Amino acid sequence: MANPSAVCNGHLHHHHQKQNNLLKSGIYKKNGITKGMKKNGTSNGTLYKKTSIEQFEQAPMYVAVLTFLGFGVGTIFGYLRDFMRAWGLEKRNIAEEREQQKDFVPLYQDFENFYTRNLYMRIRDNWNRPICSVPGPQFDLMERVTDDYNWTFRFTGRTIKNVINMGSYNYLGFAETDVNALKTVTRELQKYGTGICSTRQEMGTLDKHVELETLVATFLGVEDAMVFGMGFATNSMNIPALVGKGCLILSDELNHTSLVLGARLSGATIRIFKHNNMQSLEKLLRDAVIYGQPRSRRAWRKIIILVEGIYSMEGSIVRLPEIVSLKKKYKAYLYLDEAHSIGAVGATGRGVVEYFGMSPDDVDVLMGTFTKSFGAAGGYIAGKKDLVDFLRTHSHSAVYATSMCPPVAEQIIRAMKCLMGLDGTTQGLQRVRQLGKNTRYFRRRLHEMGFIIYGNDDSPVVPLLLYMPGKIGAFARRMLEKNIGVVVVGFPATPITESRARFCVSAAHTREMLDTVLNALDELGDFLHLKYSRYSKASHPELYEENRLEFED
Amino acid sequence: MDIKSMKYYLYWLYCQFELITCSYLMEPWEKLLFYTFNITMLVMVLYTAYIFVPVHVSTAFQFFLNLFGNQHENTVSIVK
């Protein structure tokens, strides 16, 4: 059943009359703009072949007030501690300037360092936890304790076994150690070894790379593809090859650091549009076409739109049909980063292009990584043959970076063959379907319990909002006590008031594992008071009664 | 049984206070400082209320009583 606060593509779903009042009075955020009811015209109704529900509910006002209160207290104590450190009343553990440099411009006085010293250090034990097994649906953690409040850690030597893994990007469950599954990988390891010791342009192109590239191109339905050794480097090293000075980059507000770094390295002009907001993007495109470059008023050499398939902090899916129609209208290029969406969405796991039922020719540059759904490492860029041939000669990664090592390439080949069904089994399709089922089940149960969840109902990335800084540490620690490993994120990866816990659902999770996690979340949600949602089943059970008698006069 | 759930509820309230004001993250001496400050402020506010509120309430009550009392006497005199 759809959540009553859902607005799908401008069509409001009315289930009961009573829910109208909820919708009218509720203020929720969509696309970064706070709005009550939103009705698009019929123009978008024909672009989307199916409705998808995306919501970004806002918490009640008191939550924001209390969050700021928490940060205020933390800041006051931060200043107190800094004062004590400056006057020698307390030992200094963090990096600081030497005595001789005290008269220079200070290195460590901006807010980020203040925040790191005084707030991050207190809850630092929730990050960078070393694991000592394959990051499958369950994994083993090394137990570590701290004697001086997270400044230093020491390992006790014990391992915490079979912790349920809700943080790894293992969407299709290909991170496995089953000997039968890894037979071909072991064979390639014995044949080629591990090192390439060269770049793509010198002597680092193996037959494995060619095989992998043709397979990727077939998988995505494009003409050609090129693979690189590292996913981050794929973005940051190839965008400078594609655009330069005199070009315009229109990048989404919440793009990943690799895209931002690549855009800045290229030297092109960067303009930012609001997250997934097509009106903002259209306005920028119109201004770009009408006014041209800033001083000379010449036309831009190239206009390129940088978006991601699934945004990993929000769980939202890009509005691809609208972007493609905009790009065709204003003659711009589209660069789609499918790091989280390849393998994870779509009926057969081919990403957002398939999810929206579009043709891969609509997107000019298809980029993705093999780290998330394929259990390997590296990235690819796919598209027209001319584009990929150009990148083979002009990309920094091809010229300077070592190419992908053969066992990793073989792992990707076996995973992709499994997905496409070329290994003779339907295991790939089963995995995609299982991921879809797990995602929907997990999200539905979390909604019913009353948590605030961001993002699209089909995205396997599930951010659960925590808001207050004290709860970040408490949540992660208590979940670990219950043998569940989660990833929590706060400032600066998210806005300062919206810290969250991010769950990554995997096809390898069984229903029992998800139920364990959900029960633990239920308990913890009650104890920590995290169930802020005002539109869920938990807060308005009378609206969801299906067997209520209605008498009509 | 009720005492137990009451105690658990109070413990839960204390945990909420700790989480909201970030005192969950503080080292023990910082917590001591923070709680001392808070309790001192609370005690001062309560003491001020205890001393001043009854005096103010009774003064206000007398003021309103006089106001309505004078009015009553006025009407009586006009009728006479």
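Going by an unreviewed UniProt entry, chain B carries the name Serine palmitoyltransferase small subunit B and comes from Anhinga anhinga. According to its UniProt record, chain B has this under Subcellular location (unreviewed entry): "Endoplasmic reticulum membrane".

Looking at an unreviewed UniProt entry, one finds chain A named serine C-palmitoyltransferase and attributed to Anhinga anhinga. In its Cofactor (unreviewed entry) section, UniProt records this for chain A: "pyridoxal 5'-phosphate".

Along the backbone of chain A there are 16 helices and 19 strands. Of all intrachain contacts in chain A linking residues separated by at least 6 positions in sequence, the fraction that spans at least 24 positions is 71%. Surface exposure of chain A reaches about 25,400 Å², of which carbon and sulfur atoms provide 55%.

Our focus in this paragraph is the UniProt feature "transmembrane region" (unreviewed entry) in chain A. Residues annotated in UniProt with the feature "transmembrane region" (unreviewed entry) correspond here to residues 59-80 of chain A. For the annotated span residues 59-80 of chain A, helix accounts for 91% and strand for 0% of the residues, and the straight-line distance between the end C-alpha atoms is 31 Å.

Here we take up the layout of surface pockets. Residues and elements named next belong to chain A. Of the pockets and cavities examined, the largest pocket occupies roughly 630 Å³. Lining the largest pocket are 30 residues, and of these N126, W127, N128, V487 and V488 lie nearest its centre. For the lining of the largest pocket, the secondary-structure elements that each account for two or more residues are α3 (111-120), β6 (138-145), α15 (469-481) and β18 (487-489). In terms of residues, the lining of the largest pocket owes the most to one element, α3, which gives 5 residues. Its residues placed into classes, the lining of the largest pocket shows 19 nonpolar, 9 polar and 2 charged.

What follows concerns empty space enclosed by the protein. For the coordinates displayed, the defined rule picks out 3 cavities of 30 Å³ or more. Its boundaries defined by the atoms lining it, the second largest cavity holds a volume of some 50 Å³. Residue lining of the second largest cavity: G74, F77, L119 and R122 of chain A together with C22, L25 and M26 of chain B, and that is the complete set. Considered class by class, the residues forming the lining of the second largest cavity number 5 nonpolar, 1 polar and 1 charged.

This part takes up the UniProt feature "domain: Aminotransferase class I/classII large" (unreviewed entry) in chain A. Here the UniProt-annotated "domain: Aminotransferase class I/classII large" (unreviewed entry) positions come out as residues 161-521 of chain A. Along residues 161-521 of chain A one finds 42% helix and 16% strand; the C-alpha atoms at either end are 20 Å apart.

A word on the environment of V461 of chain A. Residue and element names in this part refer to chain A. The topology assignment puts V461 in strand β16 (residues 461-465). Taking relative accessible area as the criterion, V461 reaches 1% and is therefore assigned buried. Counting along the chain gives 23 residues from V461 to N438, while the straight-line C-alpha distance between them is 11 Å. In contact with V461, other than residues within four places in its own chain, are Y171, I310, S312, G315, H340, R443, R502 and F503.

Next up on the list: the environment of R158 of chain A. Residue and element names in this part refer to chain A. When you line up the elements, R158 lands in strand β7 (residues 154-165). Between the alpha carbons of R158 and R144 there is a distance of 8.4 Å; along the sequence they are 14 residues apart. Each residue touching R158, except ones within four places of it in the same chain, is listed here: L141, M142 and E143. Polar side-chain contacts of R158 include one of 2.8 Å to the side chain of E143.

Moving on, we get to the sheet that holds strand β10 (residues 269-273) of chain A. Adjacent strands of a sheet pair through backbone hydrogen bonds, lying either parallel or antiparallel. Residue and element names in this part refer to chain A. Spatial strand order, β8-β14-β13-β12-β11-β9-β10: 7 strands in an open sheet with mixed pairing. Two strands bound the open sheet, and with one partner strand each, they are β8 (224-228) and β10. For this sheet the average axis-to-axis angle between neighbouring strands, irrespective of direction, equals 20°. Across 3 bridges, strand β12 (residues 333-337) lies against strand β13 (residues 365-369) in parallel orientation. Bridge pairing in β13 links D337 to M367. Contacting β9 (248-252), β10, β11 (303-308) and β12, helix α7 (residues 257-266) crosses the sheet at an angle of about 160° to β11.

As a further point, take helix α6 (residues 231-242) of chain A. All names here are of chain A. Between its first and last C-alpha, α6 extends 17 Å over 12 residues, near the 16 Å set by a 1.5 Å rise per residue. Counting buried positions over the 12 residues of α6 gives 10, a clear majority of the element. Turning to α6, its buried residues are G231, A233, T234, N235, S236, N238, I239, P240, A241 and L242.

What follows covers the side chain of D362 of chain A. Residue and element names in this part refer to chain A. Tracing the sequence through the fold places D362 in the loop between α10 (352-355) and β13. Residue classification places D362 among the buried positions, given a relative accessible area of 16%. Here K328 takes part through its side chain, which lies 3.2 Å from a polar atom of the side chain of D362. If sequence neighbours within four positions are ignored, D362 has contacts with V324, K327 and K328.

For the structure shown, the criterion picks out 20 aromatic pairs over all chains. Pairing Y115 of chain A with F491 of chain A gives two aromatic rings, centres 5.1 Å apart and planes at 80°, and the pair type is edge-to-face. Residue Y115 of chain A is located in helix α3, and its partner F491 of chain A is located in the loop between β18 and β19 (500-504); the two are separated by 376 residues in the primary sequence. The class for Y115 of chain A is buried, based on a relative accessible area of 11%. Assessed through its relative accessible area of 24%, F491 of chain A is described here as partly exposed. Among the aromatic residues, ring-to-ring pairing joins F77 of chain A together with Y14, F17, F34 and Y35 of chain B into one connected group. The lysine or arginine in question, K372 of chain A, covers the ring of Y169 of chain A, its NZ or CZ lying 5.4 Å from the ring centre. Taking the ring centre of Y441 of chain A as reference, the NZ or CZ of R511 of chain A above it sits at 3.8 Å.

Thresholds, definitions, all that
- Residues numbered from 1 in each chain as written.
- Chains lettered and ligands numbered in written order.
- Predicted model: local features only at pLDDT ≥ 70, side-chain atom pairs only at ≥ 80, totals over all residues.
- Heavy atoms only, no water.
- UniProt positions renumbered as here; feature names shortened; annotations may be inferred.
- Helix = DSSP H or I, 4+ residues; strand = E, 2+ residues; numbered from the N terminus.
- Contact = heavy atoms within 4.5 Å.
- Areas by Shrake-Rupley, 256 points an atom, 1.4 Å probe, with all protein chains shown as cover.
- 1 Å grid on protein atoms, 1.4 Å probe; cavity = no way out; pocket = protein on both sides within 12 Å on 5 of 7 lines; lining within 4 Å.
- Points joined across faces, edges and corners; volume = space filled by probe spheres on them.
- Nonpolar A, V, L, I, M, F, W, Y, C, P; charged D, E, K, R; others polar.
- Buried < 20%, exposed > 50% of the residue type's maximum accessible area, 1.4 Å probe, protein only.
- Polar contact = N/O pair within 3.5 Å; in protein donor to acceptor, adjacent residues only side chain to side chain.
- Pairing = 2+ DSSP bridges.
- Axes fitted to C-alpha atoms, helices over the stretch in contact; angles between N-to-C directions.
- Expected span 1.5 Å × (residues − 1).
- Phe/Tyr/Trp six-rings, centres within 6.5 Å; stacked < 30°, edge-to-face > 60°.
- Lys NZ or Arg CZ within 6 Å of the ring centre and 35° of its normal.

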